[in-house]
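Given next are the chains, with one letter for each unit.
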Amino acid sequence: MENTMLNINLCQIIELPKISESRGNLTFVEGNNHIPFDIKRVYYLYDVPGGAERGGHGHKALHQLIIAMSGSFDVLLDDGEHQKRYHLNRSYNGLYVCPMIWRELDNFSSGSVCMVLASNTYDEDDYYRDYKEYLVARGVIL
Ligand code: TYD
């Protein structure tokens, strides 16, 4: 897909199935069914100190679903032209982030857990860690 198509309008909250019973709730995610990619990796952030910021990078090809498994935090998405801030606080909602999006996570509540489902295994070469380099790759600046 062209870079211009990979913008923040493609990123959205996906409401996952939720089985509610008096015994409690159950949510599930199936790759290529509830989310538009196959799940190759799961990682999670926890014990994040108050005031800490995570993210601060973009991915070249990685698709991700970000879920607040417990507590809450904010995700700022930026495609070089537009920005959108999401507050995640429901474990049945996931924020789908397509490739080529800069993201920053902050405002973590105490005890929050951020789980990320990812379309590929870890690859440092898939990262843009420099915002300027990211904007150049997007064609926003020369
Ligand atoms: P990073 O993706 O920069 O974390 P965040 O965006 O949450 O701030 O990763 C932090 C460190 O962890 C970095 O050294 C790479 C390493 N890491 C792995 O080894 N495997 C992984 O799956 C992830 C996500 C990170």
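Owing to the predicted nature of the structure, the values given are computational and were not obtained by experimental measurement.

Chemist: Any chance you could explain the site of the ligand here in plain terms?
Modeler: All residues adjacent to the ligand are Arg 41, Tyr 43, Leu 45, Arg 54, Gly 55, His 57, Tyr 122, Tyr 127 and Arg 129. In the environment of the ligand, an oxygen atom lies 2.7 Å from a nitrogen or oxygen atom belonging to the side chain of His 57. In the model, an oxygen atom of the ligand is placed 2.8 Å from a nitrogen or oxygen of the Arg 129 side chain. Looking at the shell around the ligand, the elements that each hand over two or more residues are strand 4 (41-45) and strand 5 (54-59). Here the shell around the ligand is composed, by residue class, of 4 nonpolar, 2 polar and 3 charged.

Chemist: Would you mind going over the packing of aromatic side chains with me for this structure?
Modeler: Think of a pair of aromatic rings as described by two things: how far the centres are apart, and how the planes are tilted against each other in angle. Under the defined criterion, the tally for this structure stands at 8 aromatic pairs. Ring centres of Trp 102 and Tyr 131 lie 5.1 Å apart, and the angle between their planes is 70 degrees; on these two criteria the pair is classed as edge-to-face. Pair noted here: Trp 102 is in strand 10 (residues 102-106) and Tyr 131 is in helix 1 (residues 131-138), with a separation of 29 residues, a long-range link. With a relative accessible area of 5%, Trp 102 lands in the buried category.

Chemist: Please explain the environment of Ala 137 as it appears in this structure.
Modeler: Mapped onto the elements, Ala 137 comes out in helix 1. Among the residues examined, Ala 137 registers a relative accessible area of 30% and is labelled partly exposed. For Ala 137 and Asn 107, which are 30 residues apart along the polypeptide, the C-alpha to C-alpha distance reads 28 Å. Beyond its immediate stretch of four places on either side in the chain, Ala 137 contacts Asn 3, Met 100 and Tyr 128.

Chemist: Would you mind going over the pattern of salt bridges with me for this structure?
Modeler: Pairing of side chains with opposite charge becomes possible as their charged atoms draw close. Per the counting criterion, the structure on display carries 4 salt bridges. Across the pair Asp 74 and Arg 85 runs a salt bridge whose closest N-O atoms are separated by 3.2 Å. Residue Asp 74 is located in strand 7 (residues 73-78), and its partner Arg 85 is located in strand 8 (residues 83-88); the two are separated by 11 residues in the primary sequence. Here Arg 85 falls in the partly exposed class, since its relative accessible area comes to 44%. Asp 106 is paired through a salt bridge with Arg 85; the nearest N and O atoms lie 3.0 Å apart. With a gap of 21 residues between them, Asp 106 in strand 10 and Arg 85 in strand 8 connect regions that are remote in the sequence. If you follow the salt bridges from partner to partner, you end up with Asp 74, Arg 85 and Asp 106 in one network.

Reading guide: rules and limits
Residues numbered from 1 in each chain as written. Predicted model: local features only at pLDDT ≥ 70, side-chain atom pairs only at ≥ 80, totals over all residues. Heavy atoms only, no water. Near = heavy atom within 4 Å. Polar contact = N/O pair within 3.5 Å; in protein donor to acceptor, adjacent residues only side chain to side chain. Helix = DSSP H or I, 4+ residues; strand = E, 2+ residues; numbered from the N terminus. Nonpolar A, V, L, I, M, F, W, Y, C, P; charged D, E, K, R; others polar. Phe/Tyr/Trp six-rings, centres within 6.5 Å; stacked < 30°, edge-to-face > 60°. Buried < 20%, exposed > 50% of the residue type's maximum accessible area, 1.4 Å probe, protein only. Contact = heavy atoms within 4.5 Å. Salt bridge = Lys/Arg side-chain N within 4 Å of Asp/Glu carboxyl O.

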